[in-house]
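# Structure assessment
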6 protein chains.
Amino acid sequence: MAPRVPRFLDMTWQEVAALPAGTVAVLPLGAVEQHGPHLPVSTDLVTASETAAAAVETVTASGEASVVLLEALAYTKSDEHAGFPGTVWLSWDTLMRVLVDVGRSLAASGIERLVLVNGHGGNSALGQVANRELRRRFGLRTFFAHVSTPRDQGGAPASGGEHGLGVHGGHGETSLMLHLRPELVHMELAERRVPEGLLAYEQIGFGKPVSFGWLSSDFGADGHVGDPTTATAEAGKEMFEHAVEQLARTLVEAARFTTPVDGAAGLVARDRT
Amino acid sequence: MAPRVPRFLDMTWQEVAALPAGTVAVLPLGAVEQHGPHLPVSTDLVTASETAAAAVETVTASGEASVVLLEALAYTKSDEHAGFPGTVWLSWDTLMRVLVDVGRSLAASGIERLVLVNGHGGNSALGQVANRELRRRFGLRTFFAHVSTPRDQGGAPASGGEHGLGVHGGHGETSLMLHLRPELVHMELAERRVPEGLLAYEQIGFGKPVSFGWLSSDFGADGHVGDPTTATAEAGKEMFEHAVEQLARTLVEAARFTTPVDGAAGLVARDRT
Amino acid sequence: MAPRVPRFLDMTWQEVAALPAGTVAVLPLGAVEQHGPHLPVSTDLVTASETAAAAVETVTASGEASVVLLEALAYTKSDEHAGFPGTVWLSWDTLMRVLVDVGRSLAASGIERLVLVNGHGGNSALGQVANRELRRRFGLRTFFAHVSTPRDQGGAPASGGEHGLGVHGGHGETSLMLHLRPELVHMELAERRVPEGLLAYEQIGFGKPVSFGWLSSDFGADGHVGDPTTATAEAGKEMFEHAVEQLARTLVEAARFTTPVDGAAGLVARDRT
Amino acid sequence: MAPRVPRFLDMTWQEVAALPAGTVAVLPLGAVEQHGPHLPVSTDLVTASETAAAAVETVTASGEASVVLLEALAYTKSDEHAGFPGTVWLSWDTLMRVLVDVGRSLAASGIERLVLVNGHGGNSALGQVANRELRRRFGLRTFFAHVSTPRDQGGAPASGGEHGLGVHGGHGETSLMLHLRPELVHMELAERRVPEGLLAYEQIGFGKPVSFGWLSSDFGADGHVGDPTTATAEAGKEMFEHAVEQLARTLVEAARFTTPVDGAAGLVARDRT
Amino acid sequence: MAPRVPRFLDMTWQEVAALPAGTVAVLPLGAVEQHGPHLPVSTDLVTASETAAAAVETVTASGEASVVLLEALAYTKSDEHAGFPGTVWLSWDTLMRVLVDVGRSLAASGIERLVLVNGHGGNSALGQVANRELRRRFGLRTFFAHVSTPRDQGGAPASGGEHGLGVHGGHGETSLMLHLRPELVHMELAERRVPEGLLAYEQIGFGKPVSFGWLSSDFGADGHVGDPTTATAEAGKEMFEHAVEQLARTLVEAARFTTPVDGAAGLVARDRT
Amino acid sequence: MAPRVPRFLDMTWQEVAALPAGTVAVLPLGAVEQHGPHLPVSTDLVTASETAAAAVETVTASGEASVVLLEALAYTKSDEHAGFPGTVWLSWDTLMRVLVDVGRSLAASGIERLVLVNGHGGNSALGQVANRELRRRFGLRTFFAHVSTPRDQGGAPASGGEHGLGVHGGHGETSLMLHLRPELVHMELAERRVPEGLLAYEQIGFGKPVSFGWLSSDFGADGHVGDPTTATAEAGKEMFEHAVEQLARTLVEAARFTTPVDGAAGLVARDRT
């Protein structure tokens, strides 16, 4: 009986070699970084890994596509939280090199399609850069999916009371963790930290046309930005199930995704470096 | 009489040193890359430079903020167009190093606020990475603005007939160039190249929740993706004036932008590397 | 009640900040690489993570030292297995950068002592380099421990029948996995692959005075080097318990380890770069 | 009617692809750096760009060779002026990477001959390194030309009163700018800053057999090294016309330049990396 | 008459090209670093170069193999002695790049076998990394030999009185230098510096299962670690002759060393990068 | 009695620390590269090392300055000879890192003045870059001297019959080697290889205003460029003695060289990175 969640790491090399053509590899991107006084530093790793595993299980059960789950990258680009104890961050340069090495290895393993499942907003931009780099250099079909689209990348506000400013450790992430790891959430330490001053700007801000370079220390000494006090396990369960459902759809689409010029032909004009 | 567009490059070093505290430096990011058979390879450099110059002039005239225009970066990250003659591209690594060196230099020149004005969608992700890097390492307040928000970053469709798929050399860019550099546009060579097959995906696509790593060669041999045949100078003029107006507002906001913890205090927790 | 295995990732940033001075952080180094037809690609990650967790639990229970377990690095330097499907490897350069970034982050988190627990022989040399780099640059007291000392680094032969040549996927690793993850071991595919020709050399060889640069493809198409056919779960259990006991002792020693010139004084002569 | 100055940036990618074999691409290297109290930070960019454009126009008009003008690199290696406001400098590493990326792109565009036209003495050495790197790696025929040969590279003294020590912002550059951009020159702030102490050395010095590593801050707080007070627009006009004439000759020579072993045969022994 | 020690540097390029297939190139790795008050900073360069030259001479005289001696790398990775005057050290990154460039060049010169002869313990780990890198990327058969196996890498204690702790400038190295360069040894300044406190640890220490990251400044202000006071020229002579004899044997073995899959076939699975 | 040639490598670290303030360190830059069929690959290393040693001896004997000789860098930037057996070359990147690491180490050793003595024309440009980098970053007074000024850097033609084209392995270098290492010169293989076609260019060429990127393979299969057939030991002796005399003067000047703003004050404006 095949496992419910087919894991790359559980396979022998010959099992990897025997994966069906077009199998979609799924790589969660977590983070180990401060999430305020109420959430563990693993928050983004937990949400990315759990969402990815559940979606891979869903798709495998449905038989709609061949998918395989990779071990998450735990340590990623958390430079906006540098200086807070508990943040273990890779520079942009280091993380790009990791992603390139992983992409090269997967391509050499016969993998042709890769979905990055990102739990940490701070990885989004670099992940997009990697997306293209792996396509160009190794011919991989690459996709970048968010556990939940962050507010500063066009996602919906997580909670009305946050005015769309709950970008880190707020209502959304806290709810998700109350659902996934309740024993690690310290609701008694949760406090509202919503930078309402940002509402004064029309052009610049989270989810607005112009982004700005921010550090969590720009917002206060606690480290989170948002309102965790309204979080509930129920809201988290709903978010999680929605995220899994969306990601499962994404994986199925990724398995059949194509462009007008496909495969080798599409790569003719490439300047491989 | 002060020039209408205060240019950093026209100043002596002592004039740079004497810029008012809080002056906003504006750095256009262009590109030199194929834009289909009908547009010059300078398209993104032209749109970014012209928009930035006009917005700097507007703000200077209004007296609402002190702004200064930097010379554009002409050559940037056009790896998605690698292999097409005429594309002169920097790798992600090279462009990041350029942006870091420029940011370091500006901070050493007393500049505290920097707005990147981006004309090339392929720079957006790396520009976001730089945004944060310059904030963390040099204390700069950084902002990343698009000439026009690209479709794959949440912008509105440029034209109904493109179904939101006109991401490169389509209705929008062609119209802008018909307004700004009509003598360089070859409308007689403009053809519709809209990858309508992408409409079959719900999750994955330009402006959809999940992005994908693409090369222009994935879409055809011509290089553009969109429908330039509907472009007009009038539409371009309207887009340009809107972009200038938006950017001028952004510059004024950037001059007064602040966060709950401001200045040096906000930088206490930083791990400068 | 404190958890049996204190995990860095389960903590909030303030809990990390509150760890007792002198706490020993434990970072397992795994690998994702081919291990022959009979073992999963995760073998080294499993053995390193399990050994580290059990030793941290032992020491915590004994109260002899304050220790905290970090999430393992799953993907490391498996360049000797490059080209086999299933091997996901980082270059020497990438892995060093990861280790430097992690070390910098831990030092900034107040951690002063770090034990690397290595499950993959191919990491040993670079790990030693990192050992010193983190000491010099960040002042960390660093230690490098093997799950089981590999033969090519002075360890005892894992099994008489292997003549000391069972360096990858042989009796030792297969036994450990039969104990730790029996469901992932395919003993029916295990075959003896002992390169007895190496016995002809006195100076050069695994565990001999002169090492040689090898790739697993130098030894055959299967990928393993050793004799897994003699492996048993019982032998694996004994090895594992021995490894845990040794590592627990190491952690206690690491907590009190000192040199003639200690702390800041010892760092006077450093050239921090 | 073809434009007087054929510009790479004005072309479509297909026009670039259609350039005649052997076309000489011309890349001006400027700088954005302090030039004393009397000259704008753009001085080297202005002189390089204007000279290159005029020479390209001359050659195009004469029909002696096919040439095409690239957009200048505005920001280059001005590390000797680091620390002065207004200096925006790239490290040696960054500039080399830019030149390599540009060279790779041009070669991929079908360009076979490249002339760097350098306006900033601080680029000369690295430009020579790039010259060879682009020849070896991409097969480009490369040439490095100075707007005016700097004194520390064997050029003639710009003015008798400077004793050959007017290397930055002195008589020569100031005269050129009085001709090219009189409105940006502040002659009322020009002061003589000639380091006559250097005349005491026979071996070491500008234009002497042994060069020395210098920063502009080694010579004073104003930033320039030379005597701008003698500068005139007339002298600048003469210098400029001479520079254009020389560069035009260079471009014609570059178009027909060959070595005993030409083209592909000459590249047989290469170790491409 | 052929020279007694065939030196690569004495040859013309055509002589290098004419070396017999299978010739073993020998590259000594020295160091320039503090060695306490009694030894010159060249100690490791002297011991590595002299041992290598004598072994090459021995093998050449015997006719057992074709060997050729390369000029030593004088400056290597002495970061553990950074901050002491007289230490000239390369970072891990720099030294690896040097070794890669040298390996690439040798492979391009037709060399297929390379033995690194290391005189400095601080190079051992990185040398092992290079060993594999050169095998994988350039197909070189690589070997890493120590002048005398250092204690922290499994070698025998150099002297009973040092308790195995004489890792730098102690009995062994001082004796070797009394034999090889007596005029450079200052025995009147030699003092015993044995960190006996390390004997309190079972797991951690020089030559013990767990290594630690150390700097020489961790052990005292003098810089050496060991007991040079017992050193004699006689002991040095014996050590030297033993080292030469061992290395000569190694070179002969290296010339005929093979693995089950040899040559090109063994390289099939490589992922050349 | 002090040695005739004070060598850094012969000293203990405390002797290095005790060098007089203002001591000039001398670092020869050699090369290991093809020099045609008649000269050994060590040619540039021999000429640089011998010249430097003799000049250091001269100055020491005269007592005019305190100087100290460093071990040469044998392997440097010989990329123009890549692909010829016997050429062992470092990339520009690697050599710069070596020079930076060496400069940092020397500055940390208390050295304030450094003269690079270059035997290989291919190092000249990068050496100039290093000159400035070491001044800026470490405050070193740096100087770059040629054994004999190469023709393409303004030196006089080595021999009339070469028309100034004897840039590699011609009359000059062959004569020097006939003087310094006659046993390694194969005059019977020396042939005239003068690329007289270059005389057709006015602007471009060795020692002309415009340099070009060349590889030795551009000039023929033998590797040298010049006419060694006219070389004599007498001419070599004269050249050598002249070079030693010139370098000795340079060292004396370097010991007292200063600029208007000296020492720490001159470094005020630096942006140390």
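Treat the numbers as computed from the prediction; the structure is a model and nothing was measured. (Residues numbered from 1 in each chain as written. Chains lettered and ligands numbered in written order. Predicted model: local features only at pLDDT ≥ 70, side-chain atom pairs only at ≥ 80, totals over all residues. Heavy atoms only, no water.)

The subject of this paragraph is the arrangement of the chains. The two units chain C and chain D never meet; even their closest C-alpha atoms stay 17 Å apart. A gap remains between chain B and chain E, with no contact made and the closest C-alpha atoms lying 17 Å from each other. (Contact = heavy atoms within 4.5 Å.)

Right, let's get into the relation of the copies chain A and chain B. For the pair of chain copies, the relating operation is a rotation around an axis with a shift along it. Mapping chain A onto chain B calls for a rotation angle of 180 degrees and an axial translation of 0.0 Å; the resulting RMSD is 0.0 Å. Taken together, the turn and the small shift mark the pair as related by a two-fold rotation axis. For chain A, the minimum C-alpha distance to the rotation axis belongs to A125 of chain A and amounts to 2.2 Å. Take the interface residues of chain A: 100% of them recur as interface residues in chain B, which is what a same-surface contact looks like. (Least-squares fit on C-alpha atoms with pLDDT ≥ 70 in both.)

For the rest of this paragraph, the subject is the interface of chain A and chain B. Every contact between the two is made by 62 residues of chain A and, on the other side, 62 residues of chain B. The largest contributions to the chain A side of the interface with chain B come from W92, R132 and Y201 of chain A, which together make up 14% of the buried area. If you look at where chain A meets chain B, you find 6 salt bridges. Two residues, E202 of chain B and R249 of chain A, come together in a salt bridge whose shortest N-O distance is 3.7 Å. At the junction of chain A and chain B, the tally comes to 30 residue pairs in polar contact (both at pLDDT 80 or more). (Buried area = accessible area lost by both parts, 1.4 Å probe. Salt bridge = Lys/Arg side-chain N within 4 Å of Asp/Glu carboxyl O. Polar contact = N/O pair within 3.5 Å; in protein donor to acceptor, adjacent residues only side chain to side chain.)

What follows concerns the pairing of strand β4 (residues 141–146) of chain E. Most of β4 of chain E sits out of view: 6 of its 6 residues are buried. Across the two faces of β4 of chain E the burial is the same, with R141, F143 and A145 of chain E and T142, F144 and H146 of chain E all buried. In this structure, strand β5 (residues 211–212) of chain C lies alongside β4 of chain E, joined through 2 bridges in antiparallel fashion. Its bridge partner lying in β4 of chain E, F212 of chain C is registered against F143 of chain E. Inspection of the sheet shows strand β3 (residues 113–118) of chain E paired to β4 of chain E by 6 bridges, in the parallel sense. Opposite R113 of chain E, over in β4 of chain E, you have R141 of chain E as the bridge partner. Read from β3 of chain E through helix α4 (residues 124–138) of chain E to β4 of chain E, the crossover connection turns out right-handed. (Buried < 20%, exposed > 50% of the residue type's maximum accessible area, 1.4 Å probe, protein only. Helix = DSSP H or I, 4+ residues; strand = E, 2+ residues; numbered from the N terminus. Pairing = 2+ DSSP bridges. Right-handed = clockwise from strand over helix to strand, strands pointing away.)

Our focus in this paragraph is helix α3 (residues 92–108) of chain F. Residue and element names in this part refer to chain F. With 17 residues, α3 extends 24 Å from end C-alpha to end C-alpha; this agrees with the ideal 24 Å at 1.5 Å per step. Counting buried positions over the 17 residues of α3 gives 15, a clear majority of the element. Among the residues trailing α3, G110 stands out with phi positive, at a value near 95 degrees. (Expected span 1.5 Å × (residues − 1).)

Let us now look at the packing of aromatic side chains. Each pair of aromatic rings is reported with the distance of its centres and the angle of its planes. Counting across every chain of the model gives 57 aromatic pairs over all chains. Here the aromatic rings of F206 of chain C and W214 of chain C are separated by 5.6 Å at their centres, their planes lie at 80 degrees, and the arrangement is edge-to-face. Note on W214 of chain C: relative accessible area 6%, which makes it buried. An aromatic cluster is present here, built from F143 and F257 of chain A together with Y201, F206, F212, W214 and F219 of chain B joined pairwise through their rings. (Phe/Tyr/Trp six-rings, centres within 6.5 Å; stacked < 30°, edge-to-face > 60°.)

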